[in-house]
Structures are given as structure tokens and as C-alpha cells.
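Structural overview
For reference, the chains in residue letters:
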Amino acid sequence: MLRRLVALLGLVLLVAGCSGGPSLENRGEVTAPPGDSKHLVIGSAGFTESDLLANMYVLLLKNAGYGTEILSVANRELYEPALESGQIDVVPEYAATFADWLNAKTNGADAAPVGSPDLDATVKALRDLARPRGLVVLDPGKAVDQNAFAVSASYAKQHRLKTLSDLGASGLKVRLAAGDECVQRPYCEPGLKKVYGIDITGVDPKGVGTTQSKQAVQNGQDQMVLTTSTDATLSDFGLVLLDDDKHLQNADYIVPVVNRSRAGSERVAEALGALNSVLTTDDLASLNQQVDSWRRLPEDVARSYLESKGLLK
């Protein structure tokens, strides 16, 4: 069944790419009543966290009486059109990133970003962009996966650092391990300087959250590393996150996005919404660690977590 879906996906996307298709305003999916299909396909972007979330969605929807399966499509340029067309019914997404992606798709690559640190404003912008495409953005939960900055635990203890504001106030000179694009991204070096007053002396282009970048901070070559808020391996390198207390980073909270004509029912929203009251950023980091470091299967980790929270019958 999975192979058939993959083949079908590739064929339909190829055809869609070769034809103009109906305008957004004329698509039946946009004006059709919310659907409640008995069998739902949950999309995964193919990395650990997305696999975990997709498996949790599968289990929650099965628990609510739906037939389910996972389709892994690693490229947003492929899975988002498949979501619009109904080949995929549900995907876990990140609010600010997806808002900016849809904004660029709708208004051009040079369109001003609509994602921001303000969750409410970001979700409103995302819903406004998703609605004409026949997509429904469900409520975000507590978990957020956004850029984050870590230092060694010993460095934090020595200089009494808990927040990025603490680091800025300390006057310490900081060499930052990150991707080379950090020197221009407003949420990286420029933002750290402008918002927090951190004295960044240079960017060591070792990548975002890579082993090499973490080792550089661990051994003192660099003082801080750009990673993500759900990084599962920081403790392996003796690193700790500094709190983004002035909210420099965009609101990349996890949100389920569904095809309205196939999965826009209240029953789907309630089933997936059960996760919102329990899943935290720390939980997600721990779940990532179980897959990446302990080599457990995403479906087993997802089931254990949901059972521990009393969300499965």
C-alpha cells in the first residue's frame, strides 16, 4: 500500500507540475464542507521529530476510530501540494516556518516574512494563507522547536548564565559555532547583538547543532553553539541551553495541518488536540533522544509516551 501511495504521489505531482490547474479561488476543496474520511494518510518529513509526531498522530487517530497510515515525503515542496490535493491528509508542521513558506509560495520569494515571535499573530497569518488552499491549521500545543543557543555547563556556572540576557550583560566575548548563514540571519548573529548586546567576535561555520559544532564548545574553541530547542544530545557534550528570555526566535510551535475536505472534522481536531495538553518541548527533546541515542523505533517511543499520558485506550 505504501509503495502504491508513493508511486501515485510522484505521478500526480508530476502531472500537477506540468499543468496550470484551477486557480485557488475555484478549487472545490476550498468551499466544500469539512470532511471526515474513514482512512487518513499522515505525512512525515522523514527526520526523527517528524517521524515521532506522525506516529503519535497515527495512534491518536486510530484511537478515535480512523484507519491510518504514514507516508514519508522528505521535501516540503512535495508534501505540501500533496496535502492540498488530499493525497496526504495530515502533517505535523512548525507555525512560523510554514507560515513563511506559504507566504513565499503565495506572494513570491521576496515577500516580507509573516512568521514572528508572536504566536497568535503567526498562527493568524498562517491560517489566512492556508485557508484558500483548502488547509486547516489546528491549534498549537506547548511544544516548540526553534533556534536555540547553548554553552557548556561549566561556562554557564562560572559566569552565572541562565539566559541570553545574562550573557549580553556579562560583556564576555563569544565565538559562535553555527552555519555560515548566521552572520546575516536576523535571528542569529545580528539579533544576538541587537536584542541581547552579546559581543559576537566571529562565527565558526561548523553547522547548526552538528557534532563538530558541539565539540567546539565542549573543548572551549567556541563559547556558544546554535542548535534547536529540542536537541536531544546536548547533555552528551556537557552543554546547556540559555533561555531566549526576550523572544528573539520565531514562534515555531508544532501545529497539525489538515486537508479540510478529508480531515477537517471536529473529531479529527479533538483527537489530535489531545496532544496539546501534555506534549512539551522538554518531552519532545527526550523522545528525540530515545530514537537518536537509544536507537528505539519512533512508533514504539510514540506509543510508550501516549500510554504514559493516558491518551490511548
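Below you will find a few notes about this structure.

Most of strand E3 (residues 90-94) is tucked away: 5 of the 5 residues are buried. Here E3 shows two buried faces, one formed by Val 90, Pro 92 and Tyr 94 and the other by Val 91 and Glu 93. Summarising the sheet, E3 and strand E10 (residues 254-259) pair through 5 bridges and their orientation is antiparallel. Bridging across to E10, Val 90 finds its partner in Val 258.

All right, on to the packing of helix H13 (residues 281-292) against helix H14 (residues 298-308) then. Relative placement of two packed helices is described by the angle separating their axes and the distance separating the axes. Following both chains from N to C, one finds H13 and H14 inclined at 145°, their axes separated by 9 Å at the closest point. As H13 packs across H14, the resulting crossing turns out to be right-handed. For the pair formed by H13 and H14, the contact residues are Asp 283, Leu 287, Gln 290 and Val 291 on the first element and Pro 298, Val 301 and Tyr 305 on the second. A per-class count over the contact of H13 with H14 returns 5 nonpolar, 1 polar and 1 charged.

Time to look at the pattern of salt bridges. Applying the stated criterion across every chain, the model contains 15 salt bridges. Ionic pairing is found between Glu 93 and Arg 76, a salt bridge with its closest N-O pair at 2.8 Å. Remark: Arg 76 occurs in helix H4 (residues 76-85) and Glu 93 occurs in strand E3; sequence separation between them is 17 residues. By relative accessible area, Glu 93 is classed as buried at 0%.

Orientation of helix H5 (residues 95-107) relative to helix H6 (residues 119-130), taken along the N-to-C sense of each, is 40°, at an axis distance of 9 Å. The orientation of H5 relative to H6 falls into the category oblique. Along this stretch, H5 crosses H6, giving a crossing that reads as left-handed. Each of Ala 95, Ala 96, Phe 98, Ala 99, Leu 102, Asn 103, Thr 106 and Asn 107 in H5 lies in contact with H6, whose residues at this interface are Thr 122, Val 123, Leu 126, Leu 129 and Ala 130. Class assignment for the residues of the contact of H5 with H6 results in 9 nonpolar, 4 polar and no charged.

Conventions we followed
- Position numbers for residues count from 1 along each chain, tracking the sequence in the order it is written.
- Reporting in this predicted model follows two pLDDT cut-offs: at least 70 for local features of residues, and 80 or more for side-chain atom pairs to be given and counted; totals over whole chains, interfaces and linings ignore these cut-offs and use all residues.
- By convention in this description, side-chain values take in all heavy atoms of the structure and omit both hydrogens and water.
- Only protein chains enter the calculation, and the probe is 1.4 Å; a residue is then buried if its accessible area is under 20% of its type maximum, exposed if over 50%, and partly exposed in between.
- To qualify as a helix, a DSSP run of H or I must reach at least 4 residues; to qualify as a strand, a run of E must reach at least 2; elements of each kind are numbered from the N terminus.
- A pair of strands is treated as paired once DSSP finds two or more bridges between them.
- The convention used is that axes are lines fitted to C-alpha atoms, helices contributing only their stretch in contact, and that angles between N-to-C directions extend from 0 to 180 degrees.
- Working rule for handedness: look at the near helix, and if it is turned counterclockwise from the far one by less than a right angle, call the crossing left-handed; if clockwise, right-handed.
- Two residues qualify as a contact provided that any one of their heavy atoms is within 4.5 Å of a heavy atom in the partner residue.
- Residues are grouped as follows: nonpolar covers Ala, Val, Leu, Ile, Met, Phe, Trp, Tyr, Cys and Pro; charged covers Asp, Glu, Lys and Arg; every other residue, Gly included, is treated as polar.
- In the sections that follow, a salt bridge refers to a side-chain nitrogen of Lys or Arg positioned within 4 Å of a carboxyl oxygen of Asp or Glu.
- For classification purposes, angles smaller than 35 degrees are called roughly parallel, those larger than 145 roughly antiparallel, those between 65 and 115 roughly perpendicular, and all remaining angles oblique.

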